[in-house]
Amino acid sequence: MDNHESKSISNDSRCIFFNTDSEDYRCVLILTVKRATGTFSLVGCLFMLFMIWLLRRYHSLAQKMILSLTVAAFFDSTAYVMGESHPEGSLCDFQAWWLTYFDWSALAWVCLITLNLYLNLVREISTNRYQMLYHVMAWGVPLAMASLPLLKGYYGPAGAWCWITEDHVAWRFGIWYVPLFSLILLMICCYARIICVANARMQSWLGTFNPERERRKVSLAEEIKPLKWYPSVYLLVSIFPLINRLHNAFYPKDPSFPLTLLHVLSAPLHGLANAFVFGLDREMWSLLSPTGMQLALQSRLCDRTRIGEYHPGAVRYTQADLVDLSDDDDDDTNVLFYSPDMTLKDRGP
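Nothing here was measured: the structure is a model prediction, and the numbers come from that model. (Residues numbered from 1 in each chain as written. Predicted model: local features only at pLDDT ≥ 70, side-chain atom pairs only at ≥ 80, totals over all residues. Heavy atoms only, no water.)

Time to look at the overall build of the chain. Regarding its fold elements, the chain presents 13 helices and 4 strands. Per-residue burial for the chain yields a buried fraction of 39% across its 349 residues. Sequence separation of 24 or more characterises 72% of the internal contacts of the chain that already satisfy a separation of 6 or more. Of the accessible surface of the chain, which amounts to about 20,300 Å², a share of 61% is contributed by carbon and sulfur atoms. (Helix = DSSP H or I, 4+ residues; strand = E, 2+ residues; numbered from the N terminus. Buried < 20%, exposed > 50% of the residue type's maximum accessible area, 1.4 Å probe, protein only. Contact = heavy atoms within 4.5 Å. Areas by Shrake-Rupley, 256 points an atom, 1.4 Å probe, with all protein chains shown as cover.)

Moving on, we get to the state of the cysteines. Applying the stated criterion to the full structure yields 1 disulfide. Here C92 is linked by a disulfide to C162, with a sulfur-sulfur distance of 2.0 Å. In this structure, the disulfide formed by C92 and C162 twists by about -115° around the S-S bond and is classed as left-handed. Of this pair, C92 sits in helix α4 (residues 90-121) while C162 is found in strand β4 (residues 162-164), placing the two residues 70 residues apart along the sequence. C162 carries the same exposure label as C92, and that label is buried. (Disulfide = S-S within 2.5 Å.)

We now examine empty space enclosed by the protein. Tallied over the full model, the rule gives 2 cavities of 30 Å³ or more. By volume, the largest cavity amounts to about 200 Å³. Along the wall of the largest cavity there are 18 residues; nearest its centre are Y80, D103, W176, Y177 and A267. Residue classes in the lining of the largest cavity are distributed as 12 nonpolar, 4 polar and 2 charged. (1 Å grid on protein atoms, 1.4 Å probe; cavity = no way out; pocket = protein on both sides within 12 Å on 5 of 7 lines; lining within 4 Å. Points joined across faces, edges and corners; volume = space filled by probe spheres on them. Nonpolar A, V, L, I, M, F, W, Y, C, P; charged D, E, K, R; others polar.)

Here the distance between the centres and the angle between the planes together describe a pair of aromatic rings. Applying the stated rule across the entire model yields 15 aromatic pairs. With centroids separated by 5.9 Å and ring planes inclined at 40°, the aromatic side chains of F50 and W53 adopt a geometry described as tilted. Of this pair, F50 and W53 both sit in helix α2 (residues 25-54), 3 residues apart, which is roughly one turn of the helix. Classification of F50 by relative accessible area gives partly exposed; the value is 34%. On the accessibility criterion, W53 (31% relative accessible area) is partly exposed. Geometrically, the ring pair formed by W163 and Y177 is edge-to-face, given 5.9 Å between the ring centres and 90° between the ring planes. On the criterion of sequence distance, the pair formed by W163 in strand β4 and Y177 in helix α6 (residues 169-204) is long-range, its members being 14 residues apart. Considered together, W163 and Y177 belong to a single accessibility category, that of buried residues. Three or more aromatic residues link up through ring pairs in this structure, and these residues are F74, F75, F94, W97, W98, Y101 and F102. (Phe/Tyr/Trp six-rings, centres within 6.5 Å; stacked < 30°, edge-to-face > 60°.)

Look at the UniProt record and you will see "transmembrane region" (unreviewed entry) annotated at residues 36-54, 66-82, 102-121, 133-155 and 175-196. Counting secondary structure, residues 66-82 comes out at 94% helix and 0% strand; the distance between its end C-alpha atoms is 25 Å. In residues 102-121, helix accounts for 100% and strand for 0%; the two terminal C-alpha atoms are 28 Å from one another. (UniProt positions renumbered as here; feature names shortened; annotations may be inferred.)

The subject of this paragraph is the nonpolar core. Grouped together as the largest cluster of nonpolar side chains are 70 residues, with contacts concentrated most on L69, L107, W109, W161, W163 and Y234. For this core, the element with the most residues is α4, which contributes 19 residues. Setting aside chain neighbours within four positions, we find L69 in contact with A106, W109, V110, I113, Y230, Y234 and N274. (Core = buried A, V, L, I, M, F, W, Y, C linked by side-chain atoms within 4.5 Å.)

Between its first and last C-alpha, α2 extends 43 Å over 30 residues, near the 44 Å set by a 1.5 Å rise per residue. Positive phi appears at R56, one or two residues downstream of α2, with a value of about 55°. (Expected span 1.5 Å × (residues − 1).)

This part covers a nonpolar patch on the surface. Together, L236, I239, F240 and I243 give the surface a local cluster of nonpolar side chains, amounting to about 330 Å² of exposed area. Assignment of secondary structure puts F240 in helix α8 (residues 229-250). (Patch = residues over 30% accessible without salt bridge, like charges linked within 9 Å, V, L, I, M, F, W, Y side chains within 5 Å. Salt bridge = Lys/Arg side-chain N within 4 Å of Asp/Glu carboxyl O.)

Looking at the element boundaries, T127 is found in the loop between α4 and α5 (131-152). Excluding anything up to four places from it in sequence, T127 contacts L61, N116, L119, N120 and Y134.

Once that is clear, we can look at unusual backbone geometry. The phi dihedral of R56 is positive, around 55°, even though this residue is not glycine. Structurally, the position occupied by R56 is in the loop between α2 and α3 (61-81). For R56, a relative accessible area of 14% puts it in the buried group. The phi dihedral of E124 is positive, around 55°, even though this residue is not glycine. Note on placement: E124 falls in the loop between α4 and α5.

Another aspect to go through is the environment of P255. Mapped onto the fold, P255 is located in the loop between α8 and α9 (257-266). Judged by relative accessible area, P255 falls into the partly exposed class, the value being 25%. Each C-alpha atom, one on P255 and one on G159, is 8.5 Å from the other, the two residues being 96 residues apart in sequence.

Quick look at the side chain of S238 now. In this structure, S238 sits in helix α8. Only 2.7 Å separates the side chain of S238 from the backbone oxygen of Y234, close enough to count as a polar contact. The contact partners of S238, leaving out residues within four places of it in the chain, are L180, F181 and H270. (Polar contact = N/O pair within 3.5 Å; in protein donor to acceptor, adjacent residues only side chain to side chain.)

In structure tokens, the structure reads:
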């Protein structure tokens, strides 16, 4: 056996992030927790994708943005589930690039969801025309951020997974942690402004009862309530990774097992955290009763609606029929056609 093969086997049998044997209980526990939390996130993303499909939550721009966020979080979670701790090489570089790209993509969609709500509510700007621009930003900027360390050759073993190595600490913080916490702080400020504007508008609507205003007030509150938690959950799942990376920067040769454990326990949870925020929608849970689920599944799986040519037949009207029709002319509240895509709006006075 030559030296190269011997070195390869030695690398594969060692725990890279603690520089001990791969059977060390710490390594086994870290890898097990990493896969478990990544699996929870995958399940959370699959749940979101299923509910989006089932309830047809993909028509408005905001719903499409949440769908894109879920897709990014899904692919981000797969990197935490697959594989062991890889030694330095092309597979390690690919995992590092994959994690950086989809971490950035998920963060970009959260930021754009915040921006979209801010433009709609505070600036009162219609943003439907920005849909393509949002996609360019959410998929293009992460491509640049993930490719820079790859082109520089800075990816390699970096703890429980591959990322920017400990020899390039400034790049770790410049590529991810400084932008991450800056954007989280900016999003928190945006939501503070959004909530203030929303509260002011609700106060300005006080007065004579108006069903349309009441409907808009409830719709506004329900729209803001879940979305404001996206920056908060990103902050919560990013605290321990930041602390662990700071410890790595000051003590590169002495990794902390408790901090590493907390790191792998929280970092892969983006997908599950997004599912938690998605689940705050009370309207969605009201549709998850057995009857509601049955109707929704029948609508998706058993929809046999067809559009065909109408061939009128001979119709004979009696005097009684004419009288009945004339009596009902003023009542236009009957629903003549219904499809699951229709939204029935409250009527004004």
